[in-house]
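# Notes for the structure review
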There are 6 protein chains.
Amino acid sequence: MEKIKILIINPNSDEAMTRAIQENAARYAGERLFVHTLSTPGASPFVATYRDHALAVPGMVQLYRENEDQYDAVIVACHADPNLDLMKEIAEKPVVGISEASMKMATMLGHSFSVVAPGERGIPNKWALIDKYGLRRFAASVRPALGEGDDALIEAGRRAVEEDGAEVLVLGCAGFAGLDKKMQATLGVPVLDGVICALITAEGLVRAGLSISKKLRYKK
Amino acid sequence: MEKIKILIINPNSDEAMTRAIQENAARYAGERLFVHTLSTPGASPFVATYRDHALAVPGMVQLYRENEDQYDAVIVACHADPNLDLMKEIAEKPVVGISEASMKMATMLGHSFSVVAPGERGIPNKWALIDKYGLRRFAASVRPALGEGDDALIEAGRRAVEEDGAEVLVLGCAGFAGLDKKMQATLGVPVLDGVICALITAEGLVRAGLSISKKLRYKK
Amino acid sequence: MEKIKILIINPNSDEAMTRAIQENAARYAGERLFVHTLSTPGASPFVATYRDHALAVPGMVQLYRENEDQYDAVIVACHADPNLDLMKEIAEKPVVGISEASMKMATMLGHSFSVVAPGERGIPNKWALIDKYGLRRFAASVRPALGEGDDALIEAGRRAVEEDGAEVLVLGCAGFAGLDKKMQATLGVPVLDGVICALITAEGLVRAGLSISKKLRYKK
Amino acid sequence: MEKIKILIINPNSDEAMTRAIQENAARYAGERLFVHTLSTPGASPFVATYRDHALAVPGMVQLYRENEDQYDAVIVACHADPNLDLMKEIAEKPVVGISEASMKMATMLGHSFSVVAPGERGIPNKWALIDKYGLRRFAASVRPALGEGDDALIEAGRRAVEEDGAEVLVLGCAGFAGLDKKMQATLGVPVLDGVICALITAEGLVRAGLSISKKLRYKK
Amino acid sequence: MEKIKILIINPNSDEAMTRAIQENAARYAGERLFVHTLSTPGASPFVATYRDHALAVPGMVQLYRENEDQYDAVIVACHADPNLDLMKEIAEKPVVGISEASMKMATMLGHSFSVVAPGERGIPNKWALIDKYGLRRFAASVRPALGEGDDALIEAGRRAVEEDGAEVLVLGCAGFAGLDKKMQATLGVPVLDGVICALITAEGLVRAGLSISKKLRYKK
Amino acid sequence: MEKIKILIINPNSDEAMTRAIQENAARYAGERLFVHTLSTPGASPFVATYRDHALAVPGMVQLYRENEDQYDAVIVACHADPNLDLMKEIAEKPVVGISEASMKMATMLGHSFSVVAPGERGIPNKWALIDKYGLRRFAASVRPALGEGDDALIEAGRRAVEEDGAEVLVLGCAGFAGLDKKMQATLGVPVLDGVICALITAEGLVRAGLSISKKLRYKK
């Protein structure tokens, strides 16, 4: 079986996060996928602001251009889906954003989902994405961690489940690799990691011979 | 690599359609998946009405109960997603409806999608599903074939693209196996087959260790 | 004046609840209506899950078939509106669900309504119905009773009014017969009993010569 | 059986329309209801503009004040629901608008409804009402008659059914008394007369001991 | 530079509020605008109910008629936008409501806004306006002052910002003149005064040669 | 009277369009505003794609940084509102997008608006903006010109008014300077030029001492 080759673009420049994403993706990849995660040259160390999105543009485009021939699909591995419309437009190959993939998958698994966010800063931006994808009706809350570390994130998830009625949780950062299983075991509801959800989608699109429509919205 | 085992329930009793679905699924399955499609005992030969949905209930539940130990996931292979809430509720394993999986995947590939329906009868029921999944904003139209055969379906797709602005097409019946590639080649936009989309989702959920939330909505 | 004859189908098999519904309906019926409530053979004793909906299908269809000639209209008397689309489809006579009738009537009496639910289990299912009927904008909350008995239900209603801003309350179960008046007297806002609201609607539809459209959605 | 007494306020000053409404209402009233229709003093002969709404205010309030002791409920019999929020606010008795009652009832009888309007002038105002009541998702179209007389109205209804997918029709004027039966017989889908729908609702609310919530929105 | 002449209609009869509005408007007017605020003859001293809206109709129409030749635009200076559709209809000159202008401008300045309301009475009416203008998605809350005076209003704004996530505040009464600056300085988010927002809009419309469309909705 | 100084950023590099925007803005500016339009260095000659948006980022940021001290507000003068979230984030001064300003102003002048677009390419992108701003309910259509020149644009506007029910028109490109008056005179409905609408908003925000909220969404 030939492996599907998936390029994972980490839109920030933090090599530690890139390694964590790569390890997480490699675990899912098994024998079916070849995955390779690259940091974005010139990008911020952490993507939080629209300025960070903008700074990542040249590097993300460069990574796509340099690698498009060697890969079957591309994943944008930041839960703000930075520059996703742009990437869908310039690409012939499937491009999948981890926020879009995970939040839409979440709606198939339960009544409503919450996003567990790294901090307060990103709350309105998460809601802006939820609205962009038309998911307001299915979103119970965006719950920020109120401290550092896995415990604070699990506590945020717990409050989403117990206080906001979330039936499914979505990890709101590409850098929470591995937390999904731990949180799922603790809280007893499905917990979705965006990178994994994007890999599912990207692999499937490639195997099914599907890609981004080039009719008008994402026409080059 | 151990194969993921996916049970495909055809909610009607038409063996020819069951074979067509199986062949279609087997092509996608490759070495990764073991897929097995079963007709629903006691069901109608074709699912068009809510009565057909109801008639399929006992057989679908029976198929699930008899097979749940041997399979990793279940697909409901009718584009009306009949009894999908029920199946999500009784199952511990992932359950995926082909309409939900394909329409949500369609929203990731272009500005808006249209459903190509077998005939006029199902138009409002398709819209009812579109609304159930909160996709009205992304749905350009439901276009019925105005005659028999692939040409009428492709013509319906062509009108969706040219007159309604659809950038992605969704085949509105599990029995259109193989038409996706032909229509895609003719019309130049992505065409999604529901069974394939459900296989993508089901395989991914199993590999990721995810399933239906049992918190409240789908609690047994 | 000839009486309008209304069949009330209790989609569960609990004879005590059937008697309570019948007594409640009879009080409203006066000299204008002949009402008769039947338990659904083969159904669960209480309808809480989609499985319970499914188990009620054969009995509900049987009750309709056996009685359609003797009645002018049919009411589905469970606040989850189980199998309501199916019943609308198979019927020539008007079919009214108590949840649909009561929640839509509630929107005519005040700014927003809350549903008082028997327990936590049904909260997401109530919201799913609210969304099916397009009433999210008018729904203040779904408030579950946190204990047994009328007092817990009235307390849930009180919190809906005081904390959630509900101006109208809807009793979220067919079995709360008589509680509407007691809760209304206590809380000072209109409290709607679903069976009564469905009787209003069904009687009116019959007298006006109206029934379910058989164009496409509910075509037999 | 004591008759429920319902005051029907025709918000215009056209006595011919008042008589037509009264005859229509009386046919529905039978032995159960005492109905009395009054023209609004000082109102326009036909209600088309917001100015017409405003001109009707003093007369409508006067009619309510003079008659509230003798009646159990009040109907505002113009399909623009003029001053309905005001009337709900000043009243202790149930107040029902014919547009609200008929359009909400329409959603219970089929997939979508269209309003048959007397002319082009009122189209956006009808849509504004549809949005006020949150019914956009269920509205297929507002179809104006393109000429005078019943035939033009029936033709508008026919186009709504055949071209717009309407499964239910709502007569968009209180003055179309009797047309519902004729149009229903011709087109084969339910046709709702607003005055009848309002009578159904008003009678039911009175018999059930329900009225407008006085909590905040309609507090005097 | 010729001054733009703007008539500000205070839909109540409270001369003190009229003076406060005038002073507030005059501060904004500078050398560019001539502003003149008039109390509405026959109106209530405070506009809280739909009855108050109705009472203001004759006086508002009279003020418009008497002054339309001398002014370039008209502002309705009550945050319930009473009779705004009517005024848009009768006018050839631009008519701007302070609630519509301020809430729509608020959506341009941050993720979501809250309305600071004078008291609990108006909460559902504010939400009804928010829905009329299609702004539900952008509205964080309507926060009533829980006491008298500026401090109570600022406290309501503070809770909107800290507890409801509001990024922008809208003063929910024309009579809060001057509070915007004080609240903005205290809370650190933009605070919009409706009269100022309406002046911005009205001045601009006049200078740009724009007015209300007379096509159908607001055709005389 | 001190002039308000407004920097207009044309996100493309077409000097002819920059001059046209400047002349258009200067006509509106009168003695009240000092307006200065700059082409974006490094940008595409015409902004149509998300790639064009991205290419404009460095130049737009540079223009802002170089000029922020000399101006009171900034306008992004392309009807796709490219990088508007970014500009709102980096700015302390008010930033206004011509698409957001014009479409929101349009909703105040009539029942529904249509956007007249330069061509088919931008239709889905316009709808994506309409959805971002929550204006779907108020948008009648996006009508592309089917040829070159003013006549084709006016014809597109005519069809929007006559066939789609638009009551207000919005020019869908910053480069249509002056067409608003011509189209308005021809079609008899208000026609909004985005640059003018943004000037109205920007001038007003500055005079009122308002700017972008820096709470979370647009926090630097």
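All values reported here derive from a predicted model rather than from experimental measurement.

## Describing the overall build of chain A
A count of helices and strands for chain A gives eight helices and eight strands. For 220 residues, the compact-globule estimate of 2.2 N^0.38 gives 17 Å, and the C-alpha radius of gyration of chain A, at 16 Å, lies within 12% of that figure. Dimensions along the principal axes, computed over C-alpha positions, put chain A at roughly 45 × 40 × 35 Å. Expressed as a percentage of the 220 residues in chain A, the buried residues total 67%. Long-range contacts, defined here as pairs at least 24 residues apart, represent 69% of the contacts in chain A between residues at least 6 apart. Side-chain charges in chain A split into 26 positive and 28 negative, and the spacing between the mean points of these groups amounts to 6 Å.

## Describing the packing of aromatic side chains
Residue and element names in this part refer to chain D. Under the definition given, this model contains twelve aromatic pairs over all chains. Taking the centre distance of 6.4 Å and the plane angle of 20° together, the rings of Phe 34 and Tyr 71 count as stacked. Taken together, the residues Phe 34 in strand E2 (residues 33-39) and Tyr 71 in the loop between helix H2 (50-67) and strand E3 (73-76) connect sequence positions 37 residues apart. The ring of Tyr 28 is capped by Arg 32, whose NZ or CZ atom sits 5.1 Å from the centre of that ring.

## Points about the interface of chain A and chain B
With 48 residues of chain A at the contact, the number on the chain B side is 48 residues. Carbon and sulfur atoms make up 60% of the area that chain A and chain B hide from each other, which totals about 3,800 Å². In this structure, the salt-bridge partner of Arg 32 of chain B is Glu 203 of chain A, at a minimum N-O distance of 3.8 Å. Taken together, the links from chain A to chain B amount to 24 residue pairs in polar contact (both at pLDDT 80 or more). Taken together, the elements giving at least two residues each to the side of chain A that touches chain B come down to helix H4 (98-106), helix H5 (123-132), helix H7 (179-187), strand E8 (191-192) and helix H8 (194-207) of chain A. Ranked by the residues each element gives to the side of chain A that touches chain B, the list is headed by H8 of chain A, at seven residues. The class makeup of the residues in the side of chain A that touches chain B is 23 nonpolar, eleven polar and 14 charged.

## Structural notes on the relation of the copies chain C and chain B
For the pair chain C and chain B, the best superposition has an RMSD of 0.0 Å and corresponds to a rotation of 180° with a translation of 0.0 Å parallel to the axis. The transformation just described matches what one would write down for a two-fold rotation axis. No C-alpha of chain C approaches the rotation axis more nearly than that of Lys 132 of chain C, which lies at 3.2 Å. In this assembly the copies share their binding face: 100% of the residues contributing to the interface of chain C also contribute to that of chain B.

## Some details on the sheet that holds strand E6 (residues 139-144) of chain C
Residues and elements named next belong to chain C. One open sheet holds the four strands; their spatial order is E6-E5-E7-E8, and the pairing between them is parallel. The open sheet is flanked by E6 and strand E8 (191-192), the only strands paired with a single partner. Sheet topology places strand E7 (residues 168-171) next to E8; two bridges connect them, and they run parallel. Paired with Leu 169 across the two strands is Val 191, which belongs to E8. Most of the contacts of helix H4 (residues 98-106) go to E7, to which it runs at about 175°, and overall it touches strand E5 (113-117), E7 and E8. Contacts between helix H6 (residues 149-164) and the sheet are confined to E5, E6 and E7, with E6 contributing the most and set at about 150° to the helix.

## Regarding the pairing of strand E2 (residues 33-39) of chain F
For a regular strand, side-chain orientation follows a simple rule: the groups alternate between the two sheet faces. Residues and elements named next belong to chain F. Burial along E2 is one-sided: Leu 33, Val 35, Thr 37 and Ser 39 are buried, and none of Phe 34, His 36 and Leu 38, which face the opposite way, are. As judged from the seven bridges shared by strand E1 (residues 4-10) and E2, these two strands associate in the parallel manner. Within E2, the residue paired with Ile 8 across the bridge is Thr 37. Crossover connection from E1 via helix H1 (residues 15-29) to parallel E2: handedness right-handed.

## Describing unusual backbone geometry
You will see that Asn 83 of chain D, though not glycine, has its phi angle at about 60°, which is positive. Tracing the backbone through its elements, the reader meets Asn 83 of chain D in the loop between E3 and helix H3 (84-90). Here Asn 83 of chain D falls in the buried class, since its relative accessible area comes to 18%. Although it is not a glycine, Asp 81 of chain F sits at a positive phi angle of roughly 45°. Note that Asp 81 of chain F resides in the loop between strand E3 (73-76) and helix H3 (84-90).

## Some thoughts on the relation of the copies chain A and chain B
Overlaying chain A on chain B yields an RMSD of 0.0 Å, the required transformation being a rotation through 180° with an accompanying axial translation of 0.0 Å. Most of the interface of chain A is mirrored in chain B, where 100% of its interface residues are also at the interface.

## Some points on the packing of H6 of chain C against helix H7 (residues 179-187) of chain C
All names here are of chain C. Packing of H6 against H7 leaves a shortest axis separation of 10 Å and a crossing angle of 50°. In this view, H6 runs oblique relative to H7, as classed from their interaxial angle. The chirality of how H6 crosses H7 is right-handed. Between H6 and H7, the contacting residues are Asp 150, Leu 153, Ile 154, Gly 157 and Arg 158 on the first element and Leu 179, Lys 182, Met 183, Thr 186 and Leu 187 on the second.

## A word on the interface of chain C and chain B
Taken together, the contacts link 21 residues of chain C with 21 residues of chain B. Roughly 1,800 Å² of surface becomes buried between chain C and chain B when both sides are summed, with 63% attributable to carbon and sulfur atoms. At the surface where chain C touches chain B, the tally comes to two salt bridges. In this structure, Arg 121 of chain C and Glu 89 of chain B form a salt bridge, with 3.9 Å as the shortest nitrogen-oxygen distance. Between chain C and chain B we count ten residue pairs in polar contact (both at pLDDT 80 or more) in total. Secondary-structure elements contributing two or more residues to the side of chain C that touches chain B are helix H2 (50-67), helix H3 (84-90) and helix H5 (123-132) of chain C. Across the side of chain C that touches chain B, the residue classes tally to ten nonpolar, two polar and nine charged.

## As for the pattern of salt bridges
Tallied over the full model, the rule gives 102 salt bridges over all chains. The closest approach of N and O atoms between Lys 132 of chain A and Asp 85 of chain A, which form a salt bridge, is 2.7 Å. Residue Lys 132 of chain A is located in helix H5, and its partner Asp 85 of chain A is located in helix H3 (residues 84-90); the two are separated by 47 residues in the primary sequence. For Asp 85 of chain A, a relative accessible area of 13% gives the class buried. With a closest N to O distance of 3.6 Å, Asp 85 of chain B and Arg 217 of chain B form a salt bridge. In this pair, Asp 85 of chain B sits in helix H3 (residues 84-90) while Arg 217 of chain B sits in the segment after helix H8 (194-207), placing the two residues 132 residues apart along the sequence. Ionic contacts of the salt-bridge type, sharing partners, join the residues Arg 32, Glu 203 and Arg 207 of chain A together with Arg 32, Glu 203 and Arg 207 of chain B into one network.

Thresholds, definitions, all that
- Residues numbered from 1 in each chain as written.
- Chains lettered and ligands numbered in written order.
- Predicted model: local features only at pLDDT ≥ 70, side-chain atom pairs only at ≥ 80, totals over all residues.
- Heavy atoms only, no water.
- Helix = DSSP H or I, 4+ residues; strand = E, 2+ residues; numbered from the N terminus.
- Rg over C-alpha atoms; globule rule 2.2 N^0.38 Å.
- Buried < 20%, exposed > 50% of the residue type's maximum accessible area, 1.4 Å probe, protein only.
- Contact = heavy atoms within 4.5 Å.
- Lys, Arg positive; Asp, Glu negative; His and termini not counted.
- Charge placed at Lys NZ, Arg CZ, Asp CG, Glu CD.
- Phe/Tyr/Trp six-rings, centres within 6.5 Å; stacked < 30°, edge-to-face > 60°.
- Lys NZ or Arg CZ within 6 Å of the ring centre and 35° of its normal.
- Buried area = accessible area lost by both parts, 1.4 Å probe.
- Salt bridge = Lys/Arg side-chain N within 4 Å of Asp/Glu carboxyl O.
- Polar contact = N/O pair within 3.5 Å; in protein donor to acceptor, adjacent residues only side chain to side chain.
- Nonpolar A, V, L, I, M, F, W, Y, C, P; charged D, E, K, R; others polar.
- Least-squares fit on C-alpha atoms with pLDDT ≥ 70 in both.
- Pairing = 2+ DSSP bridges.
- Axes fitted to C-alpha atoms, helices over the stretch in contact; angles between N-to-C directions.
- Right-handed = clockwise from strand over helix to strand, strands pointing away.
- Parallel < 35°, antiparallel > 145°, perpendicular 65-115°, else oblique.
- Left-handed = near helix turned anticlockwise from the far one by under 90°.

Honestly, that's just the spatial picture; any functional story needs more than this.
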